[in-house]
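# Fold and contact review
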Amino acid sequence: MNKNFSETQKISDLKQALKDVVISDESVEKSAINRVIAEAYDAMKEKGYNPVNQIVGYIISGDPTYITSYKDARKKISRIEQDELLEEIVNYYINNNL
């Protein structure tokens with residue numbers, strides 16, 4: 001399989017999983033990682049960024065500049081390993097959609 005197609009498909013799958021995650025539902029108790037994701041999401045949304053694309057870029061590249069420094073979102077999310085972020089997102093998706 002073409003490597004670029006494979007990477008594109010993985011990014012597409014991750015973007016879809018992130019789109020399906022309801023970040024701002026306050027009635028659901030959130031884990032510490034989920035709270036950080038929600039705070040970063042809200043900060044990026046307030047600054048006019050596309051939070052899904054920014055979070056995907058951060059997880060794939062590890063480059064913290066994908067996350068805004070507004071409201072200390074970058075500092076907060078940088079304390080969590082990318083694999084832990086991805087694990088939280090996948091667990092949330094599976095628990096709420098399967």
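Let us look at the structure shown here. (Residues numbered from 1 in each chain as written. Predicted model: local features only at pLDDT ≥ 70, side-chain atom pairs only at ≥ 80, totals over all residues. Heavy atoms only, no water.)

This paragraph deals with the environment of Lys19. Residue position: Lys19 is located in helix H1 (residues 3-20). Taking the relative accessible area as the measure of exposure, Lys19 reaches 56% and is therefore exposed. Separated by 34 residues in the primary sequence, Lys19 and Asn53 place their C-alpha atoms 9.7 Å from one another. (Helix = DSSP H or I, 4+ residues; strand = E, 2+ residues; numbered from the N terminus. Buried < 20%, exposed > 50% of the residue type's maximum accessible area, 1.4 Å probe, protein only.)

Our focus in this paragraph is the nonpolar core. Among soluble globular proteins, nonpolar side chains are generally buried collectively. One finds Leu18, Ile55, Ile59, Ile67, Ile77 and Leu85 to be the most contacted residues of the largest nonpolar core, which totals 18 residues. Looking at this core, the elements that each hand over two or more residues are H1, helix H2 (32-46), helix H3 (51-61), helix H4 (73-78) and helix H5 (82-97). Those residues within four positions of Ile59 in sequence are excluded, and the remaining contacts are Leu14, Gln82, Leu85, Leu86 and Ile89. (Core = buried A, V, L, I, M, F, W, Y, C linked by side-chain atoms within 4.5 Å. Contact = heavy atoms within 4.5 Å.)

Another point: the packing of H2 against H3. Between H2 and H3, whose axes approach to 9 Å, the crossing angle comes to 125°. Taken together, the axis directions place H2 and H3 in an arrangement best described as oblique. H2 and H3 meet at a crossing whose hand is right-handed. Every residue of H3 that contacts H2 at Ile37, Tyr41, Met44 and Lys45 is listed here: Pro51, Gln54 and Ile55. When the residues that make up the contact of H2 with H3 are grouped by side-chain class, the tally is five nonpolar, one polar and one charged. (Axes fitted to C-alpha atoms, helices over the stretch in contact; angles between N-to-C directions. Parallel < 35°, antiparallel > 145°, perpendicular 65-115°, else oblique. Left-handed = near helix turned anticlockwise from the far one by under 90°. Nonpolar A, V, L, I, M, F, W, Y, C, P; charged D, E, K, R; others polar.)

To continue, consider unusual backbone geometry. Most peptide bonds adopt trans geometry, and most residues besides glycine take a negative phi value. The residue Lys71 is not glycine, and still its phi comes out positive at about 60°. Mapped onto the secondary structure, Lys71 falls in the loop between H3 and H4. Judged by relative accessible area, Lys71 falls into the partly exposed class, the value being 48%. In the Ramachandran plot, Asp72 falls in the positive-phi region, its phi being about 60° despite a non-glycine side chain. With respect to the helices and strands, the residue Asp72 is situated in the loop between H3 and H4.

Now for the pattern of salt bridges. Within this structure, the stated rule accounts for two salt bridges. With a shortest N-O distance of 3.0 Å, Glu39 and Lys76 are connected by a salt bridge. Of this pair, Glu39 sits in helix H2 while Lys76 sits in helix H4, and the two are 37 residues apart along the sequence. Note that Lys71 is salt-bridged to Glu46, the shortest N-O span being 2.9 Å. One end of the pair, Lys71, is in the loop between H3 and H4; the other, Glu46, is in helix H2, and 25 residues separate them in sequence. (Salt bridge = Lys/Arg side-chain N within 4 Å of Asp/Glu carboxyl O.)

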